[in-house]
Amino acid sequence: MATTTTKTRKEEKWQIIQEKAFTGWMAQTLAKRQMTVTDLRTDLEDGILIINFFELLTGSKMRERYDSSPKTRIQKVTNCHLALRHLERETGINTAQCGYAAENIVDAHKDLRNILGLLWTLYRRFRMNVVVTSTTRTGSGKAGPEEMLLEWVKTQTAGYAGVTITNYRTSFSNGLAFAALCHHYDPDILGHTWEELLAMDTRDVLEFVMTHAERKMGISRLLDIDEILEGTVDDRALALYTSLFHSAITNKKQMNDIANKLDEVTERGELEKKSRDELVKMNYDLTANLAQANIQIEEEKKKWDTTHEELVALREQFLAQQRVLEEKEREIALLRQNLMAVEAERNNLLAKTQTLEERNNQLAEQIEAIQQLCDAEQAKNKKLAAELKAVKEELIVAQNKVASLTEAVQAKEGGEKVLTEQLATEEKKTRSLVEKKALLEEHLQEVETEVESLKSNLKKETVQKEKTENQLNEHKEQFRVNTRGLAVLRRNLDQHLEDLHRWQKYLDGSSTDIEVLNEAAGALAEKISALPFIEQLNVLSERLEEENVEMTHVLQEKLAAASSSKAKGGKAKSSASSPATETASSTKSPEPADDAPASSEKRPHTKSDSSRHHKTRSGSSGGH
């Protein structure tokens, strides 16, 4: 009876420790959402706090919708049931198998043991389990959270005199293990040296350490000092109280890490501010330099405005000449493409004509062979008809002989035996002739069938020959049309050749006389007239490319001369105080004017040549 009473009293104390510890744990956790818990018996019955607590523990939002303002019991039970389902889905804890039901949470004011059991399971999973993942265990094998927590205490208190960690019941009874954890948290927290603590009474040590832990570390006094001294305290209560030291030390370490990071960020911000000030100063200097540079640019721009206008005019002249040259080049390329297409079509027609002629010859040979075969078959047919006629005549003679013999038999009964033999012989001969006649008639029918087949083939071949001859005539007519088109292209290219030669002579500046240009063009035409038409077109293309190069060179010289003249004019203006310089400038200034008439003379002539060339090209295109 006494043992049962002691056990009951021990469970009641354990329940009080749990209620106090778990109330603080839940309040600390729910503070992240501006919520709190003061009494586990009544604060959890509507399911709102327990849902938020489970969401914060698991780090995931509950998927199911719940009643945010439950009024009836069924609504409260539903909320608690949804919270347990969410916990089971996220953690894998089988709440039904462990006996945790929604009704027990709602009725916690009647019996708190079920909710305490659930919170103890969660505490071991989420608070003591942190110890497992954050320490290095020297032993082997699988251990629970309590053993891992004990291992962590052993590593934290190593080197402290009088501290030996082997188990919960005896290792914490002198209070030095808790003192070592407080000293590890903050060496100045106790206000005594370690030797002074060793000299103190055990009760005084426990009282001193638990008081400082509650005041300076925020650890609630969950244990009774007498029970610790007597060794009757529950191991679970010791583990729970010790885990609070681990949480405090871990939280302080995290806060120190955050503070260090904050210091680093602050220092980095100061450096960035200093760099920003330097950049502002550099920006100010660069702005001043840029303003000075803009002033200089404006001055240079005013100096070069006039020169730019003249260069623009020269550039327009150059572009006009370049467009004329590009137009000529495109026309030459178009003529070359047309010529290549005509040549390809001509070769194709020649090949088709040759193929059709070969096919016509083959058809003529086949017709001739068929005709010979028909003649042979007709001769053979005539011969067979003659043989058949002879057989018929022999048959008539044999029949006449049989008739005469029959009459002789009737007249001369005495020579019956001889006549019978002769009659039998004649009958055999007659049957042989009849069989021969049948064979000849059958052969004659086959010959007639073959003759009909040959006549049909001859008719088809004749139709095919006529069709081939018609196609050959069409191709010949098309060839004559293409030949006339080639003649027109040849005349057009000859005229273009003359234009190119005139333009080349005029561009070189070696002659401006039209008669001399005509003679030179005639000489070039006579020079390439003996060449094949394709080679003439290649010579024409090469001359056009040379013309483009020469024209570009001349225009570049004109632009260079104009730029040089403007530069000299600018120097003359800057040195207006020197009379000798003014005289030299006035003497040199007319030089670019000498080139201007030449440019103006070339442009009208180029336009007229291009115009005449376009007229020739359009006329040849229309003829083609």
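That block above? That's the structure.
Just so we're clear, the structure is a prediction, and the values are computed from it rather than from any experiment. (Residues numbered from 1 in each chain as written. Predicted model: local features only at pLDDT ≥ 70, side-chain atom pairs only at ≥ 80, totals over all residues. Heavy atoms only, no water.)

Chemist: Is there a simple way to explain the side chain of E64 in this structure?
Modeler: Here E64 lies in the loop between α2 (48-58) and α3 (73-91). Judged by its relative accessible area of 17%, E64 falls in the buried class. Non-local contacts of E64, meaning those with residues more than four positions away in its chain, are made with L82, R85 and R89. (Helix = DSSP H or I, 4+ residues; strand = E, 2+ residues; numbered from the N terminus. Buried < 20%, exposed > 50% of the residue type's maximum accessible area, 1.4 Å probe, protein only. Contact = heavy atoms within 4.5 Å.)

Chemist: What is the right way to look at the packing of aromatic side chains in this model?
Modeler: One pair of aromatic rings is described through two measures. These are the centre distance and the angle between the planes. All told, the structure shown has 13 aromatic pairs when counted by the stated rule. With centroids separated by 5.8 Å and ring planes inclined at 45°, the aromatic side chains of F22 and Y123 adopt a geometry described as tilted. Within this pair, whereas F22 is found in helix α1 (residues 2-30), its partner Y123 is found in helix α6 (residues 113-134), the two being separated by 101 residues in sequence. Comparing F22 with Y123 shows no difference in burial state: the two are buried. Feature note: the residues W14, F22, W25, F53, F54, W120 and Y123 constitute an aromatic cluster, connected by ring pairs. (Phe/Tyr/Trp six-rings, centres within 6.5 Å; stacked < 30°, edge-to-face > 60°.)

Chemist: Honestly, the nonpolar core in this entry has me stumped. Any pointers?
Modeler: Side chains of nonpolar character tend, in soluble globular proteins, to be buried together. By size, the foremost hydrophobic cluster in this structure holds 81 residues, and its most contacted members are F22 and Y241. When residues in this core are grouped by element, the largest group, 9 residues, is from helix α13 (residues 235-411). Beyond its immediate chain neighbours, meaning those up to four positions away, F22 contacts L40, L116, L119, W120, Y123 and L240. Grouped together as the second largest cluster of nonpolar side chains are 5 residues, I367, I370, L454 and L458 included. (Core = buried A, V, L, I, M, F, W, Y, C linked by side-chain atoms within 4.5 Å.)

Chemist: Looking at this structure, how should I read the pattern of salt bridges?
Modeler: Once the charged atoms of two side chains with opposite charge are near each other, the side chains can pair. Within this structure, the stated rule accounts for 16 salt bridges. Measuring nitrogen to oxygen at the nearest pair gives 3.1 Å for the salt bridge that ties E64 to R89. Within this pair, whereas E64 is found in the loop between α2 and α3, its partner R89 is found in helix α3, the two being separated by 25 residues in sequence. D234 is paired through a salt bridge with R236; the nearest N and O atoms lie 2.8 Å apart. Taken together, the shared-partner salt bridges connect E11, D234 and R236 into one network. (Salt bridge = Lys/Arg side-chain N within 4 Å of Asp/Glu carboxyl O.)

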